[in-house]
Each structure stands twice: as structure tokens, then as C-alpha cells.
Amino acid sequence: MTKAPVKRAAAKVAPVKRSRPKPAPTSQVNVTLAAPAAAPKEPKKDDSALGKVIGLIEWVDNPFKLFTVILLSFLAFAGYFAWDSRQVLLHAITTQDKMPQLAKQEQLLIPARSLMKDVDGIVLLIHKANLATNSRTTVLALNADGTREKAIEGTVTSLFNASADRNAAMVAMLNNEVLCEEFNPSSKVGEWGIKQGVKFMCRGSIPPDPGKFAGYIAIGFKEKPEDIPALKTRINLAASDMSED
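All of these numbers come straight from a predicted model, not from anything done at the bench.

(A) Representation of the pattern of salt bridges. As enumerated under the stated definition, the model contains three salt bridges in all. Ionic pairing is found between D118 and R234, a salt bridge with its closest N-O pair at 2.8 Å. One end of the pair, D118, is in helix α4 (residues 105-119); the other, R234, is in helix α7 (residues 228-239), and 116 residues separate them in sequence. Two residues, R203 and E181, come together in a salt bridge whose shortest N-O distance is 3.3 Å.

(B) Molecular detail of the environment of H127. Relative to the helices and strands, H127 resides in strand β2 (residues 123-130). Through-space distance from the C-alpha of H127 to that of A214 is 8.7 Å; in sequence the pair is 87 residues apart. Ignoring anything within four residues of it in the chain, the contact list for H127 reads L102, R136, T137, T138, V189, A214, G215 and Y216. Within the structure, H127 has its side chain in polar contact with the side chain of T138 (distance 3.0 Å).

(C) Geometry of the environment of G193. Mapping G193 onto the fold places it in helix α6 (residues 188-195). Note: C-alpha distance between G193 and V123 (70 residues apart in sequence) is 6.9 Å.

(D) Region of interest: the packing of α4 against α7. As a packed pair, α4 and α7 sit with axes 10 Å apart at the nearest point and diverge in direction by 165 degrees. On the basis of the axis angle, α4 is roughly antiparallel to α7. When the axes of α4 and α7 are compared, the crossing they make is right-handed. Of α7, the residues touching α4 (which contributes P111, S114, L115, D118 and V119) are L231, R234, I235 and A238. Its residues assigned to classes, the contact of α4 with α7 shows six nonpolar, one polar and two charged.

The rules behind these values
- Residues numbered from 1 in each chain as written.
- Predicted model: local features only at pLDDT ≥ 70, side-chain atom pairs only at ≥ 80, totals over all residues.
- Heavy atoms only, no water.
- Salt bridge = Lys/Arg side-chain N within 4 Å of Asp/Glu carboxyl O.
- Helix = DSSP H or I, 4+ residues; strand = E, 2+ residues; numbered from the N terminus.
- Contact = heavy atoms within 4.5 Å.
- Polar contact = N/O pair within 3.5 Å; in protein donor to acceptor, adjacent residues only side chain to side chain.
- Axes fitted to C-alpha atoms, helices over the stretch in contact; angles between N-to-C directions.
- Parallel < 35°, antiparallel > 145°, perpendicular 65-115°, else oblique.
- Left-handed = near helix turned anticlockwise from the far one by under 90°.
- Nonpolar A, V, L, I, M, F, W, Y, C, P; charged D, E, K, R; others polar.

Here is the structure:
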């Protein structure tokens, strides 16, 4: 009798665990968003007079701007001066034909030299004025020793120009005043005076009468004289002998 084959149970196989690769740990990056930068504050403008001057100086950074500032300053000053002195100038110009005339050069020498000696001046100038053409002609120039400086005589320059000192002196003389002040040259004749040592000058109308202006006398000194009122009186006395009625 044949034995039936014995069936063997299948061997149990333990399940194989497959290892899964662990994901790499992610690094956390903390990002901090910066706040938007604040706009720079504009410097506060200085509206004072000094601040405006400094601002103007900073603005002038080339020769063209410098020329523009100088030109505008001159025009502004000329406009203000013309307006402020309009009545004096208008009267003087409209009465130009009725103005007295300067004495002849030979007749000017005696009172001019006498004045130089009395007040210890180092230069003396006599200018003939023409308000209608804004010009003056130097008709007499004396050195400290009373000799004539003929190279200066005959020089023609303007009565009014960019010099504040010159313009103020002109208005003073038109108002029948003698103006004495520290001297700042504004012409070729003035530069000659500086070379002679002039540091102080007095100017007076010829003749010294209200509403009359044929020209003026200018006398220079090395330093300011002590008695200015007496000096002004002596200048007017000399100027009264330097015109023809």
C-alpha cells in the first residue's frame, strides 16, 4: 500500500521592513524685514539776513553767477539812489543853463593855493561839472607844494558812478553841504591822490550857494584833520571865490 506524500507547511517568511530615508532636517531661516528708511530731512532754511548772505555765497560757484550778482547789485543800487535823490537831481539838471560858471584857471590858482596853505592839504582838485551829461572835467590839480599836476588836468570822468562814496558826496554838495570822509578812490584821478598819500578828503560845491553847482573842490589829507567844522567853513570861503556870477 502506497503511502500518500506528506504535505509540509510552507515556511513563514518574516516580512522585510524597508527603511525609508529620512528627509534632511530643514534649517529655519529667520528673515527680518527692515523697515523702510525714512526720507532724509531737509535742513531748515535760515531766513535771517546772515543766512541769506551765506546762501548767496554758496550759490555763486562760477564766474557767470558772480558777474550776474555784481550786475544786479549795481542796478539795484543805481535805482534806489536815483529814486532817493530824484528831486535834487531833477532840480539841478533842469536849472543847468542857469548855473554859474567856474572862474578861469588863472583865477582859481590864488584861492586854491591859499586854501592848501591854510589847512595843510596835500592835494587839491577842482572839477567842472556837467549834470546833463553826468560828467566832470578836472580843470586844476595841485600838489602839496602848490605846483600844478598837468597830467591830471583835463581828465574827464563821470559825476555819478558805482561808488557809493562818490554818489553820497555828489548829493551832499547839491544840497549845499561840505562832505568830509575817509577817501576811497573810484577813478584815475582818485588813484593819483592815493599815490600822493591821501587818506581823508573833503568836497564842497562851487559856489557854496543853494541851487547852484558849477563844479566842486576836493582837498585831500594824510589823516583826518582835528577841526572839521572850521575846515568846512574855510572850504566854503575859498569856493565862493572860484565862480563867475
